[in-house]
Amino acid sequence: MQDSSFVQLFPQQASTFAWQVDALFGYLILVSLVFSVPIILALFYFSIRYREREKYAVPKEIHGSMVLETLWSIIPFFVSMSVFVTGAIVYFNQYTPPDDSMEIYVVGKQWMWKLQHSTGQREINELHVPAGRNIKLTMTTEDVLHSFYIPAFRTKADTVPGRYTYVWFNATTPGKYHLFCAEYCGLNHSGMIGTVYVMDPKDFDNWLSGNAGGETPVQVGKDLFENKLGCASCHAGGPQQRGAKLEGLFNTEVHLVGGGTAVADEDYIRNSILNPASQVVEGYQPIMPTFKGQVSEEQLNGLVAYIKSLSPNAAAAPAAPAAKKPDEKAPAGKKADGKEPAAK
Amino acid sequence: MAEQTTEHHNPHVEVPNEHIGIPGYLGVFAVLVLGTILTYYVALMDLDWIFPGANTLVALGIAFTKMTVVGLFFMHVRWSPRLVWMSAVGAFFWLTIMFAYTMQDYLTRGTGFFGH
Amino acid sequence: METVGAIEAGSYGTAKLNYLNNGSTLKSWLLTKDHKRIAIMYLISVSAFFLMGGLYAAAIRLELLTPASDLFETGTYNKVFTQHGILMVFFFLIPSIPAVLGNFLIPIMIGAKDLALPRINLLSLYIYWVGGAITLWALMQGGVDTGWTFYTPYSTTFSNTYVLAVGVGIFINGFSSILTGVNFLVTIHTMRAPGMTWFRLPLFVWSHYAVSLIFVLGTPVVAITLLLVAIERVAHVGIFDPALGGDPILFQHMFWFYSHPAVYIMVLPGMGIVSELLANFARKRIFGYEFVAFSSIGIAVFGFLVWGHHMFVSGQSMYASLVFSFLTMVVAIPSAIKMFNWTATLYQGSISFDTPMLYGLAFMGLFLIGGFTGLYLGALGLDVHLTDTYFVIGHFHYVMVGGQVIAYLGGLHYWWPKMTGKMYSEFWGRVAAMLIFVGFNLTFFPQLILGYLGMPRRYAAYPPEFQVLNIFSTAGASVLGVGLTMPLFYFLHSLVKGKPAPDNPWLLPGLEWRTSSPPPTENFDTPPVVTWEIYDFGDESGLDLEAAKREAATVNA
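Residues numbered from 1 in each chain as written. Chains lettered and ligands numbered in written order. Predicted model: local features only at pLDDT ≥ 70, side-chain atom pairs only at ≥ 80, totals over all residues. Heavy atoms only, no water.

Colleague: Whenever I open this one, the overall build of chain C confuses me. Can you help?
Modeller: A count of helices and strands for chain C gives 16 helices and zero strands. Whereas a compact globule of 557 residues would reach a radius of gyration of roughly 24 Å, chain C reaches 23 Å, a difference of no more than 12%. Counting across all 557 residues of chain C, residues that qualify as buried make up 69%. For chain C, long-range pairs separated by at least 24 residues make up 82% of all intrachain contacts whose partners lie at least 6 apart in sequence. (Helix = DSSP H or I, 4+ residues; strand = E, 2+ residues; numbered from the N terminus. Rg over C-alpha atoms; globule rule 2.2 N^0.38 Å. Buried < 20%, exposed > 50% of the residue type's maximum accessible area, 1.4 Å probe, protein only. Contact = heavy atoms within 4.5 Å.)

Printed below as a string of structure tokens:
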């Protein structure tokens, strides 16, 4: 990875879309050269050829040229449009996580990254991921803005208090990579750095089993839902339940009281827990109390993960990666996600 | 052309501008106070039965009316040359730009556009 | 015409009563309504802020010489870069060209006695002083560490530094900009001399017209935004902090609605100066005058529609990002048009390379890089990687320093004889210009590479593999520092020992060269009537070229 013995001039490429960003960069360098080299050459040529030969000479007056003006308006326009379109395509790729992504939850906090795998392992300022698998990070923060930035993967997104943002990548090359906080977040901003370990899938499985840590987010959520917060008393129990039905809810469109619809995504669920009265679903009374201040960001992640798991078809299929390793003595969360809710 | 208009109106503006007199100004003041009181009472009512967010719209409507009255009478735009009218309208247009382009973010968040 | 004909190269006006020797008491300066005296007071104040901002910059570069945060505590470093940004942006870059050169030259260039609203002009200076004083007081009390961008909720809830006081300082300072803008707009509309039609206005005036539009339409928004930050900080009204029910991204929308156009406030007057320099030192009418003039207005208007490109990774909706990226690409066109027209202006000219022209040419080179790196950052997919890295730092310093500061220095050298009646040392002027050009590139080009490598901005400590490029950057900064300090010395020296400046040292046709150096308080002995086209270097403009040539010949002989 990083080699301090020589001056590095180009960053490593370690994700599937890194080459696209680099290609775009190359294209822009090409565009810059194609436009600036002639301008610079013209500046030098004119400066020499038309240098002052006689004091106070009166050169021929030239007012302008409609043809030239049109040309150098239209051509840059089409060039900049090509930059816009290619930029947009790369952007689309960077921010559209594939459906089969393995999910990891990220909470930023002054001044550390707290990460949790869907299998339960927790990490601080370190992230272990397998090479060659799509990984989606669902991110938020406990305090101020941060920005999750892995230069080698060419991806970055701010984490915003009060909502979720997402980053995904598919790491190509095993190795160690920098993880930076890129949005200024106060005193120890430059200390909010970490390391991403991209591992061979086999090594990753070993790492996972060696670090069988804690409950999975779904289990955390289930526990909160059924026991600690008592959500189940309203949101479970069949037709006479007072709260909205949550099974199959995720990523569907819900109709709200007072008209309007919303897509029940992560932010919607989060908001419904913290500000229930703001988005009441048609057919229900606004009786749910707010849970603001009672749940931490990580517990919220758990609740969201659990509610997502109640919709096995709509949610991305996070179960897949875990299911691939039947040989391991499965840590508690191994067969998590999509399966358990069916039992409910 | 525009400045000719300015010059044309200048002597008119120089005249002490009691365009609507003290009673007129008091009337405008009354409108403003009434608007404020109205804003308060509307804020206490739930107007969501009309459509969601109706409260905000009504409050903004009252505020806009008050603003227009202040601009027209207190700030004398009513009696000003066209260039001043243009500037006043231009400023509101700019405000609209700010609101519109900010709202294009808010209204398209979480609509499922591009995956989320 | 004849009445304004004091334009032979040899004529000196210093014996007369001029704006400088017309009253020498402190009161005659502090209560003056003369735009030229106000400009001089702005010049002194702005230079003081530039010096302070520069010291902070030196501190930043010294800290970044080594990877560890060893020169300062990280908290101190955070304050240093924040205060560098605040002083430079709000108290130097934004007021410098308009309030100093614009203030001094716009009335003269359009043939007026003063600005339309002289008292307002003085008021704007006092407001600037009050805003500056409050800000400096806050810095001395302990400073502020939010970054000049004041992003919420850090600035409203988490920072326990003097955010409020600095916010108030900037809020007050904003009114100075607004008043200057209003003043310029009214002046350009109503005070033009007979015959000074819109299309005879120097491009310097056109660019200030565009800038004034931004001042008037944009500055109130940043004032309101900072007011809202203050309200949330003091009264805990939930506007930006989600814990109180607000939205932090709303702050970014409001902040950048002003602060992106503010970038054009900084660079547009610079473009105006460069248009003057290139046309006058090539002795040629600017190529495509109307296109250059309207591209300034185009930049001012479209510049208001692109602010979201600061927010591509902020959590703004992807749809909004697409729209903002598209508009960003569109706003690149007017700048490109200017670039091409400037280059074409040199074609078949008669180019001399005095100090101001060196700055003009340096601007062309540096703004090319500054402008193109802007395109990199406007391209969505690339911006995801580059934003909040040193690439952004490099980019905006290429625009702000490579564009605005270089142009400001060029303008200062160009009009220094007019403003002070003294000539500076041409030799030292050229040496400084070269040093600044070399030092600047050495400082900021490595930062572009660092940015692509992924070094985040606002880091007091950084991974060791970035050190070599940072050493280059710091080395360049010391060259740049020397280069930027030199004008201070030879300008001051010229005031004492400089040769008296002729009224028209380069025999140029602009109205400012048709009055004495320094100009009388009323600007012109007789009100000028303009009968010639703009940038007309021939006989039609009333220049006595033959006499000047004869004189040049005798000097050489």
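Colleague: I keep staring at the overall build of chain A and nothing clicks. Help me out?
Modeller: Within chain A, the secondary structure is distributed over eight helices and 12 strands. Among the 344 residues that make up chain A, the fraction classed as buried is 55%. A separation threshold of at least 6 residues defines the contact pool for chain A, and within that pool the share at least 24 residues apart is 67%. Taken as a whole, chain A presents about 14800 Å² of accessible surface, with 60% of it coming from carbon and sulfur. (Areas by Shrake-Rupley, 256 points an atom, 1.4 Å probe, with all protein chains shown as cover.)

Colleague: Where do I start with the interface of chain A and chain C in this structure?
Modeller: Many authors give the size of an interface as the accessible area that is lost as the parts come together. Facing the 89 residues of chain A at the interface are 99 residues of chain C. When chain A packs against chain C, the two sides together hide about 7900 Å² of surface, and 70% of this comes from carbon and sulfur. On the chain A side of the contact with chain C, A:Y56, A:Y91 and A:Y184 bury the most area, a combined 11% of that side's loss. In this assembly, chain A and chain C are joined by zero salt bridges. Remark: the boundary between chain A and chain C carries 30 residue pairs in polar contact (both at pLDDT 80 or more). (Buried area = accessible area lost by both parts, 1.4 Å probe. Salt bridge = Lys/Arg side-chain N within 4 Å of Asp/Glu carboxyl O. Polar contact = N/O pair within 3.5 Å; in protein donor to acceptor, adjacent residues only side chain to side chain.)

Colleague: Help me out: how do you make sense of the state of the cysteines in this one?
Modeller: Each disulfide is one covalent bond, formed between the sulfur atoms of two cysteines. In this structure the tally under the stated criterion is zero disulfides over all chains. Not engaged in a disulfide, the cysteine A:C231 finds its nearest cysteine sulfur in A:C234; these two sulfurs lie 8.8 Å apart. (Disulfide = S-S within 2.5 Å.)

Colleague: Explain the confidence of the model for chain A to me, please; I cannot follow it from the model alone.
Modeller: Low pLDDT means the predicted atomic positions in that stretch should not be read closely. Residue and element names in this part refer to chain A. In this model, chain A carries an average pLDDT of 83, and 87% of its residues clear a pLDDT of 70 or more. For chain A, helix α8 (residues 319–323) is the element with the lowest average pLDDT, namely 36, and strand β6 (residues 146–150) is the one with the highest, namely 96. When the criterion is pLDDT under 50, residues 1–5 qualifies, and its contacts beyond four places in sequence or with other chains add up to nine contacts. The low-confidence segment residues 315–344, where pLDDT is below 50, has 41 contacts with residues more than four positions distant or belonging to other chains. (pLDDT = per-residue confidence, 0-100.)

Colleague: So what exactly am I meant to see when it comes to the sheet that holds strand β9 (residues 175–181) of chain A here?
Modeller: The strands that make up a sheet are held in pairs by hydrogen bonds between backbone atoms, and each pair lies either parallel or antiparallel. Residue and element names in this part refer to chain A. The strand order across the open sheet formed by five strands is β4-β10-β9-β6-β7, and the pairing between neighbours is mixed. At either end of the open sheet lies a strand with only one pairing partner, and these are β4 (126–130) and β7 (155–159). Within this sheet the neighbouring strands show an average axis-to-axis angle of 20°, counted without direction. Taken together, the five bridges between β9 and strand β10 (residues 194–199) define a ladder with antiparallel strand orientation. Each residue of the ladder has a partner; that of Y177, found in β10, is V196. Relative to the sheet, helix α3 (residues 201–210) contacts β4 and β10, its axis offset from that of β4 by approximately 130°. (Pairing = 2+ DSSP bridges. Axes fitted to C-alpha atoms, helices over the stretch in contact; angles between N-to-C directions.)

Colleague: Mind showing me how you'd approach helix α8 (residues 248–281) of chain C here?
Modeller: Side chains three or four residues apart in an α-helix point the same way, a direct result of the helix having 3.6 residues per turn. End to end, α8(C) covers 49 Å across 34 residues, agreeing with the expected 50 Å (1.5 Å per residue, within 8%). Counting buried residues along α8(C), 33 of its 34 residues qualify, which places the element largely inside the surrounding structure. (Expected span 1.5 Å × (residues − 1).)

Colleague: Please clarify how the packing of aromatic side chains should be interpreted in this entry.
Modeller: Describing an aromatic ring pair means giving the distance of the ring centres and the angle of the ring planes. All told, the structure shown has 79 aromatic pairs over all chains when counted by the stated rule. Three or more aromatic residues joined by ring pairs make a cluster, and in this case those are B:F93, B:W94, B:Y101, C:F257, C:F304, C:W307 and C:F324. Over the ring of A:Y56 we find A:K55; its NZ or CZ atom is 5.6 Å from the centre of that ring. (Phe/Tyr/Trp six-rings, centres within 6.5 Å; stacked < 30°, edge-to-face > 60°. Lys NZ or Arg CZ within 6 Å of the ring centre and 35° of its normal.)

Colleague: Which parts of the structure should I look at to understand helix α10 (residues 318–346) of chain C?
Modeller: Residues and elements named next belong to chain C. With 29 residues, α10 extends 43 Å from end C-alpha to end C-alpha; this agrees with the ideal 42 Å at 1.5 Å per step. Most of α10 sits out of view: 26 of its 29 residues are buried. With its phi angle positive at about 60°, Q348 sits one or two positions after the end of α10.

Colleague: Can you help me understand the pattern of salt bridges in this one?
Modeller: Residues and elements named next belong to chain A. In the structure shown here, the tally under the stated rule is 18 salt bridges over all chains. One salt bridge connects D22 with R154, and the closest N-O pair in it is separated by 2.8 Å. Placement of the pair is D22 in helix α1 (residues 18–49) and R154 in the loop between β6 and β7, with a sequence separation of 132 residues. Take D22 and R154: they sit in the same class, and that class is buried. Ionic pairing is found between K114 and E142, a salt bridge with its closest N-O pair at 2.8 Å. Of this pair, K114 sits in strand β2 (residues 112–117) while E142 sits in the loop between β5 (134–141) and β6, and the two are 28 residues apart along the sequence.

Colleague: How do you make sense of the environment of A:L179 when you look at a structure like this?
Modeller: Residues and elements named next belong to chain A. By the secondary structure assignment, L179 is in strand β9. It is 39 Å that separates the C-alpha atoms of L179 and V280, two residues lying 101 residues apart in sequence. Look past the residues within four positions of L179 in its chain and what remains in contact with it is W113, F148, Y149, I150, M192, I193, G194, T195 and V196.

Colleague: What am I meant to see in the packing of helix α3 (residues 74–109) of chain C against helix α4 (residues 118–141) of chain C here?
Modeller: Two measures define how a pair of helices packs: the angle their axes make with one another and the distance between the axes. Residues and elements named next belong to chain C. Contact geometry for α3 and α4: axes closest at 12 Å, N-to-C directions at 165°. One finds that α3 runs roughly antiparallel with respect to α4. At the point where α3 passes α4, the crossing takes the left-handed sense. Note on element contacts: α4 touches α3 through N121, Y128, G131, G132, T135, L136 and L139, opposite Q83, I86, L87, F91, P95 and N103. Residue composition of the contact of α3 with α4, by class: seven nonpolar, six polar and no charged. (Parallel < 35°, antiparallel > 145°, perpendicular 65-115°, else oblique. Left-handed = near helix turned anticlockwise from the far one by under 90°. Nonpolar A, V, L, I, M, F, W, Y, C, P; charged D, E, K, R; others polar.)

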